[in-house]
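Next come the chains, spelled out residue by residue.
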Amino acid sequence: MSLEVEDLVITLGGRRVVDGVGFSVPDGARFGIIGESGSGKSLTALAILGLLPDGAEVGGSIRWEGTELVGRDDRELARIRGREIGIVFQEPRTALNPIRTIGRQIGEPLRIHEGASKRAAMARAIDLAARVRLPEPDRIVRRYPHQLSGGQRQRVAAAIALACRPSLLIADEPTTALDVTIQSEILGLFERLVSETGSSLVFITHDLAVLSRIATDAVVLAQGKVVEAGPVAKLLSAPVSPVTQRLLAAAKTMSWKGEDDD
Amino acid sequence: MSGQQRLRRPRAGSAGFRALMTSPAGAFGVVVVTVLVLSAGISFLWTPHDPQLTDPFAKWLPPSVEHLLGTDEVGRDIFSLLLVGSRVTVAVAIGSAVVSTIVGVALAALGSLTRRWVREAVAVLIDILIAFPTLLIAMMIASVFGGSLWVVIWAVGISFGVNIARVTRPEIRRVSHSEYVLAGRAAGLGPVRNLTRHLLPNVAPVFIVQLSWSMAVAVLAEAGLSYLGYGAPSSVPSWGRMLSELQTYLAVHPLSVLWPGLAITITVLALNLLGDALRDATDPTLGRRAPTTTPTSPQGVTA
């Protein structure tokens, strides 16, 4: 059991935004967290890395490789972030520093966690850029984020998250802000990267169709509570809770639209 | 135009400097500031005439080879006086820039990265301090400690530091709440690295403009305070003092007043233009080579 979340409670401004969430992600698993916006799925992801906004209170337990993460101080968590657990955020337009080159941003985790020299980090950044299939890796590392497309920026974010070969990758709606065609490419990228590195994946989304492609097991969140859990195949074939049924209906209309377009 | 666009690709180091020099405003700013600093330096070693030497037989001489800009009411060489006066200008500009940087960064950091009640207290403090005009603060300090260059430096430094804090504080708030700072933390960056890699570089463009503006205001304030008698003591030649002494003869010898006035005006203009050009040169999202995306700010089109 590499990641175990038990009875997680997050209070933000006096409101319980996450209320008793629990799940476990074994080594090498592909796990999904699905829910409508405001269901607390992103906060759950941030809580794992200890990145909740100021004023948020966390209760319950998050165990990573057997050690408790809740209540650990920032310095200790910083050693885990990026090295053992990587994360990719939803919005590729704002997730990269606008005034640093792509190469330096990809190389940053290597410089922090592995003490790589500037040169070594840049060489590794070029390799990583190639692995996430960025065009012309040796040239693109000298570019700035605004010179890249949304899909390319999300590839950069994936390269940063995977730079130190973390054993867990958290992807927080990494395809939501992208065009449908790019979405599919990025999903393919995550599938490939996870199977290549053998790391486990926690994929957060509100789209059951996306989830069915990438994850095997999932929890469904609504208003901060787990309303359903189990294999994704079961969620698709026999959804129990009304929330899951709604998500399934939404996913179906979306895919019908897709077929019409073809 | 297209050639200029192509060259204006901002990069660190020498390429960034080239980008600065290819914009007319930047080149003008760099040249004027260089000349200013050089003349202040040279004035320690050499001036055409002793700037303090009075000569009753050489009063109000017109510009000539002997006296490039003519002489004043007691026969001193105006060009030599300008050279020596530039020392004060440089000292005041640099001094008040240092003070306003310290005051500004400290207030902005306290007002944006601390606990909520501290932040709000600092915000109120900034609002109160900003209500005091620079000259008033300077006169208050001068009336307590007597007039000197330090008064000018501290007065401009403090009042502009507050200004810098006012503009920089929301900028730090914005950047520190941005997703790339969060992403930086998620990649394992500690608070110090996040500050030096993400926070400060992204706040710098706003800061640089403010700083160059504060230097320009310092030059003006020195002139104004010296004019009012609060600035440099009478033994130290400064442009403001020259202006106040020569303007009494404005009706008779208008040309002589022109020189210190012109020197002040050009310096202030150059500092302002330099600030703008520096901002453009340090921001890679402005003045890009090939517009792959839509411009993110109007400067990207016009600059």
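None of these values were measured; they are calculated from a predicted model.

Novice: Would you take a moment to explain the overall build of chain B for this structure?
Specialist: A count of helices and strands for chain B gives twelve helices and zero strands. Taken across its 303 residues, chain B has 46% of its residues classed as buried. Partitioning the contacts of chain B with sequence separation of at least 6, the portion at a separation of at least 24 is 66%.

Novice: Got a minute to help me understand the interface of chain B and chain A in this structure?
Specialist: How big an interface is tends to be expressed through the accessible area that disappears when the partners come together. Between chain B and chain A, the contact holds 21 residues from the first and 24 residues from the second. Elements with a contribution of two residues or more to the side of chain B that touches chain A: α8 (179-186) and α9 (191-228) of chain B. When its residues are assigned to classes, the side of chain B that touches chain A shows eight nonpolar, nine polar and four charged.

Novice: It is not clear to me how helix α4 (residues 118-131) of chain A should be interpreted in this structure. Could you clarify?
Specialist: An α-helical segment advances 3.6 residues per turn. Residues three or four places apart therefore align on the same side. Residue and element names in this part refer to chain A. The end-to-end C-alpha distance of α4 is 20 Å, a good match for the 20 Å that 14 residues give at a rise of 1.5 Å each. What α4 keeps buried is the set A121, M122, R124, A125, L128 and A129. Along α4, the residues classed as buried sweep out an arc of 165° about the axis, all on the same side. Opposite the buried face of α4, at more than 90 degrees from it, the exposed residues are R119 and D127. Against α3 (102-113), α5 (137-140) and α6 (150-162) lie the buried residues of α4. After α4 finishes, the residue R133 shows a positive phi value of roughly 60°.

Novice: Explain the environment of I128(B) to me, please; I cannot follow it from the model alone.
Specialist: Considering the arrangement of structural elements, one finds I128(B) in helix α5 (residues 116-130). Spatially, the C-alpha atom of I128(B) lies 9.7 Å from that of V162(B), the residues being 34 residues apart in sequence.

Novice: Any chance you could explain the pairing of strand β10 (residues 225-231) of chain A here in plain terms?
Specialist: Looking along a regular strand, one sees the side chains alternate between the two faces of the sheet. Residue and element names in this part refer to chain A. Sheet topology places strand β9 (residues 217-222) next to β10; six bridges connect them, and they run antiparallel. Bridged to A222 within β10 is K225. Counted between consecutive antiparallel strands, the loop separating β9 from β10 contains two residues, among which Q223 sits at a positive phi close to 50°.

Novice: Just checking my understanding: could you explain the nonpolar core for this structure?
Specialist: When a protein is soluble and globular, its nonpolar side chains tend to lie buried together. Counting residues in hydrophobic clusters, the biggest one holds 159 residues, and the most contacted among them are A159(A), V202(A), A218(A), V152(B) and V219(B). Top contributing element to this core by residue count: helix α4 (residues 78-110) of chain B, with 16 residues. If we ignore the near neighbours within four places in the chain, the residues touching V202(A) are V25(A), F31(A), I33(A), A45(A), L168(A) and I170(A).

Novice: Which parts of the structure should I look at to understand the sheet that holds β10(A)?
Specialist: Remark on secondary structure: sheet strands pair via backbone hydrogen bonds, oriented parallel or antiparallel. Residue and element names in this part refer to chain A. Across the sheet, which stays open at both edges, the six strands sit in the order β6-β7-β8-β3-β9-β10 with mixed pairing between neighbours. The open sheet terminates on both sides in strands that have one partner only, identified here as β6 (85-88) and β10. Within the sheet, the average angular offset between the axes of one strand and its neighbour, ignoring direction, is 15°. Sheet strands touched by α6: β6 and β7 (168-172). Its angle to β6, the strand with the most contacts, is close to 170°.

Novice: So what exactly am I meant to see when it comes to the environment of I153(B) here?
Specialist: Residue and element names in this part refer to chain B. Tracing the sequence through the fold places I153 in helix α7 (residues 149-176). The class of I153 is buried, set by 24 C-beta atoms lying within 10 Å. Once residues within four sequence positions are removed from consideration, I153 is found in contact with V92, G95, S96 and V99.

Novice: I'm lost on the sheet that holds strand β1 (residues 3-12) of chain A in this one. Help?
Specialist: Residue and element names in this part refer to chain A. Strand order in the open sheet made by the four strands is β2-β1-β4-β5, with antiparallel pairing throughout. The sheet is open, and its two edges are formed by β2 (15-25) and β5 (67-68), each paired on a single side. Direction of pairing for strand β4 (residues 56-64) relative to β5: antiparallel, over a ladder of two bridges. Note on β5: the bridge partner recorded for W64 is T67.

Novice: In this structure, what is going on with the packing of α7(B) against α9(B)? I would like to understand it.
Specialist: How two helices pack is summed up by the angle between their axes together with the distance between the axes. Residue and element names in this part refer to chain B. Contact geometry for α7 and α9: axes closest at 9 Å, N-to-C directions at 160°. Put simply, α7 runs roughly antiparallel to α9. Classified by chirality, the crossing of α9 by α7 is right-handed. For the contact of α7 with α9, the per-class residue count stands at 16 nonpolar, six polar and two charged.

Novice: Help me understand the confidence of the model for chain A in this model?
Specialist: Parts of the prediction with low pLDDT should not have their coordinates interpreted in detail. Put simply, chain A has an average pLDDT of 90, and 96% of its residues get 70 or more. For the stretch residues 258-262 of chain A, pLDDT sits under 50, and the model shows zero contacts to residues farther than four places along the chain or on other chains.

Novice: Please explain the pairing of strand β3 (residues 30-35) of chain A as it appears in this structure.
Specialist: Residue and element names in this part refer to chain A. Counting buried positions along β3 yields six of six residues, so the element is predominantly enclosed. Because side chains alternate across β3, one face comprises the buried residues R30, G32 and I34, and the other comprises F31, I33 and G35, equally buried. Where β3 lies against strand β8 (residues 200-205), five bridges are found, and the strand directions are parallel. When the bridges of β8 are listed, R30 appears paired with L201. Sheet analysis places β3 next to β9, joined by five bridges and oriented parallel. Residue pairing for β9: G35 is matched across the bridge by L221.

Novice: So what exactly am I meant to see when it comes to the packing of α6(A) against helix α7 (residues 180-197) of chain A here?
Specialist: All names here are of chain A. Here α6 crosses α7 at 15°, and the two axes come no closer than 10 Å. Taken together, the axes of α6 and α7 lie roughly parallel to each other. Considering only the axes of α6 and α7, their crossing is right-handed. When α6 is examined against α7, the residues G150, G151, Q154, R155, A158 and L162 are found in contact with a partner set consisting of I182, E185, I186, L189, L193 and T197. In terms of residue class, the contact of α6 with α7 is built from six nonpolar, four polar and two charged.

Reading the values: the criteria
Residues numbered from 1 in each chain as written. Chains lettered and ligands numbered in written order. Predicted model: local features only at pLDDT ≥ 70, side-chain atom pairs only at ≥ 80, totals over all residues. Helix = DSSP H or I, 4+ residues; strand = E, 2+ residues; numbered from the N terminus. Buried ≥ 20, exposed ≤ 12 C-beta atoms within 10 Å, placed from the backbone. Contact = placed C-beta atoms within 7 Å. Nonpolar A, V, L, I, M, F, W, Y, C, P; charged D, E, K, R; others polar. Expected span 1.5 Å × (residues − 1). Arc of directions from axis to C-beta. Pairing = 2+ DSSP bridges. Core = buried A, V, L, I, M, F, W, Y, C linked by C-beta atoms within 7 Å. Axes fitted to C-alpha atoms, helices over the stretch in contact; angles between N-to-C directions. Parallel < 35°, antiparallel > 145°, perpendicular 65-115°, else oblique. Left-handed = near helix turned anticlockwise from the far one by under 90°. pLDDT = per-residue confidence, 0-100.

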